[in-house]
Amino acid sequence: MSSSTAPRTLQTGHVGLNVTDLARSVDFYRAVFGLQVTTEGTDPERRFALLGRDGRLVVTLWQQSTGAFATANPGLHHLSFEVESLDEVRATERLLRGLGAEFAYDGVVPHSEGSASGGIFFTDPDGIRLEVYTRTGVDGTEAVAPASDAPTCGFF
């Protein structure tokens, strides 16, 4: 594909996730990310919720799955959310710990050794891997990257 045919501007739009229990997932994404339900499908055969913030669609949830997130299958590796500060990352970590979320690493970790960026890595109620990170401020902490030869967000 020629670069002249590629879109001139590009941003990630919303992300659609399959979930097993729509109400549980809506509660989780509202509590953790401050998202509001903008539209909800209540037909028992087609349950979904569109969640947004500040007039922008962020995540769509589709109740059409069973089991748990399968890392062995092709598809989503993880979903990452950027915040402005290390304080916001830590506040999100505290909230998640209160909700009983499972973490891949203990506390805030840099993306790589000596990196100013980093965050927390955890799963939602269906085991979907999530990250909340900041671009700066992590290099001044005692946090250590969990692996020097792979990206922290690799969830290896």
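Everything here concerns the structure above.
None of these values were measured; they are calculated from a predicted model.

What counts, and at which threshold
Residues numbered from 1 in each chain as written. Predicted model: local features only at pLDDT ≥ 70, side-chain atom pairs only at ≥ 80, totals over all residues. Heavy atoms only, no water. Helix = DSSP H or I, 4+ residues; strand = E, 2+ residues; numbered from the N terminus. Expected span 1.5 Å × (residues − 1). Buried < 20%, exposed > 50% of the residue type's maximum accessible area, 1.4 Å probe, protein only. Arc of directions from axis to C-beta. Contact = heavy atoms within 4.5 Å. Pairing = 2+ DSSP bridges. Axes fitted to C-alpha atoms, helices over the stretch in contact; angles between N-to-C directions. Salt bridge = Lys/Arg side-chain N within 4 Å of Asp/Glu carboxyl O.

### What about helix 2 (residues 86-99)?
Along its 14 residues, helix 2 runs 20 Å from first to last C-alpha, staying within 8% of the 20 Å computed at 1.5 Å per residue. Burial in helix 2 covers these residues: Leu86, Val89, Thr92, Glu93 and Leu96. Seen along its axis, helix 2 keeps its buried residues to an arc of 120°; they face one direction. Structural note: helix 2 exposes Asp87, Arg94 and Gly98 on the side pointing more than 90 degrees away from its buried face. The inward-facing, buried residues of helix 2 contact helix 1 (22-33), strand 7 (118-123) and strand 8 (129-134).

### Looking at the environment of His77
Here His77 is to be found in the loop between strand 4 (56-63) and strand 5 (79-82). Taking the C-alpha atoms as reference, His77 lies 8.1 Å from Gly154; in sequence the two are 77 residues apart. Apart from residues no more than four positions distant in its own chain, His77 is found in contact with Phe69, Arg129, Cys153, Gly154 and Phe155.

### Overview of the sheet that holds strand 6 (residues 109-110)
One open sheet holds the 4 strands; their spatial order is 5-8-7-6, and the pairing between them is mixed. The open sheet has two edge strands, strand 5 and strand 6, and neither has a second partner. Both strand 5 and strand 8 contribute to a ladder of 4 bridges, which runs parallel. Bridge pairing in strand 8 links Ser80 to Glu131. Against the sheet, helix 1 makes contact with strand 5, strand 7 and strand 8, and its axis sits at roughly 10° relative to strand 8, the strand it touches most. Taken strand by strand, helix 2 contacts strand 7 and strand 8, and its axis lies near 20° from that of strand 7.

### Digging into the sheet that holds strand 2 (residues 36-41)
Overall, mixed pairing links the 4 strands, which are arranged 1-4-3-2 in an open sheet. Every other strand in the sheet has two partners, leaving strand 1 (15-19) and strand 2 as the edge strands with one partner each. For this sheet, the mean inter-axis angle between neighbouring strands, taken without regard to orientation, is 20°. Looking at chain direction, strand 2 and strand 3 (residues 48-53) are connected through 5 bridges and run antiparallel. In the strand pairing of strand 3, Val37 is matched with Leu51. The sheet contacts of helix 1 involve strand 1, strand 2, strand 3 and strand 4, and relative to strand 3 the element is tilted by about 5°.

### Some words on the pattern of salt bridges
For the coordinates displayed, the defined rule picks out 4 salt bridges. Here Arg24 ties to Asp126 by a salt bridge, and the two come within 2.9 Å at their closest N and O atoms. Separated by 102 residues along the polypeptide, Arg24 in helix 1 and Asp126 in the loop between strand 7 and strand 8 bring together distant segments of the chain. The exposure class of Asp126 is buried, given its relative accessible area of 6%. For Glu82, the salt bridge goes to Arg135, with nearest N and O atoms at 2.7 Å. With Glu82 in strand 5 and Arg135 in the segment after strand 8, this pair connects stretches of sequence that are 53 residues apart. With a relative accessible area of 40%, Glu82 lands in the partly exposed category. Owing to a relative accessible area of 57%, Arg135 belongs among the exposed residues under this scheme. The structure contains a network of salt bridges with shared partners spanning Glu93, Arg97 and Asp106.

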